[in-house]
Amino acid sequence: IEVTSMRHDDDPARREAKVRRLNRIAGQVAGLARMVAEDRYCIDILTQVQAVKAALARAEAEILRDHAALCVREAIGAGDAQATQTKLDELVGLFD
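Quick summary incoming for the structure in this document. (Residues numbered from 1 in each chain as written. Predicted model: local features only at pLDDT ≥ 70, side-chain atom pairs only at ≥ 80, totals over all residues. Heavy atoms only, no water.)

## Overview of a nonpolar patch on the surface
Working step 1: Together, L22, L56 and I63 make up an exposed nonpolar region whose accessible area comes to about 240 Å².
Working step 2: For L22, the position within the fold is in helix 1 (residues 12–37).
Working step 3: Residue classification places L22 among the partly exposed residues on the basis of a relative accessible area of 35%. (Patch = residues over 30% accessible without salt bridge, like charges linked within 9 Å, V, L, I, M, F, W, Y side chains within 5 Å. Areas by Shrake-Rupley, 256 points an atom, 1.4 Å probe, with all protein chains shown as cover. Salt bridge = Lys/Arg side-chain N within 4 Å of Asp/Glu carboxyl O. Helix = DSSP H or I, 4+ residues; strand = E, 2+ residues; numbered from the N terminus. Buried < 20%, exposed > 50% of the residue type's maximum accessible area, 1.4 Å probe, protein only.)

What follows is the structure, encoded as structure tokens:
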């Protein structure tokens, strides 16, 4: 996966770390597909599914933390009530 410009994240090291994390998860998912194709034991597959879900939850939390720290804070700091509301609505919409 190629890293492209993300206007809200000025820290290239953090961005690269997120990409590496997501690439590892993609590798885990590919491994799951191989396990299913090889007719591996169901509990082994389910154990790996749980590991992927946990890894995705950590990635989600990191991206959410960055969104709150960068995007939402920027909208609040600009004093733009509409932009702030939009950012908050985006967050709430994810969990509906």
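Picking up where we left off.
## A short note on the pattern of salt bridges
Working step 1: Applying the stated rule across the entire model yields four salt bridges.
Working step 2: Between D66 and R14 there is a salt bridge; the shortest N-O distance is 2.4 Å. Taken together, the residues D66 in helix 2 (residues 42–77) and R14 in helix 1 connect sequence positions 52 residues apart.
Working step 3: Taking relative accessible area as the criterion, D66 reaches 8% and is therefore assigned buried.
Working step 4: Note that D66 and K18 form a salt bridge whose closest N and O atoms lie 2.6 Å from each other. Within this pair, whereas D66 is found in helix 2, its partner K18 is found in helix 1, the two being separated by 48 residues in sequence. For the pair D66 and K18, a shared accessibility class is recorded, and that class is buried.
Working step 5: Beyond isolated ion pairs, a larger network of salt bridges with shared partners links R14, K18 and D66.

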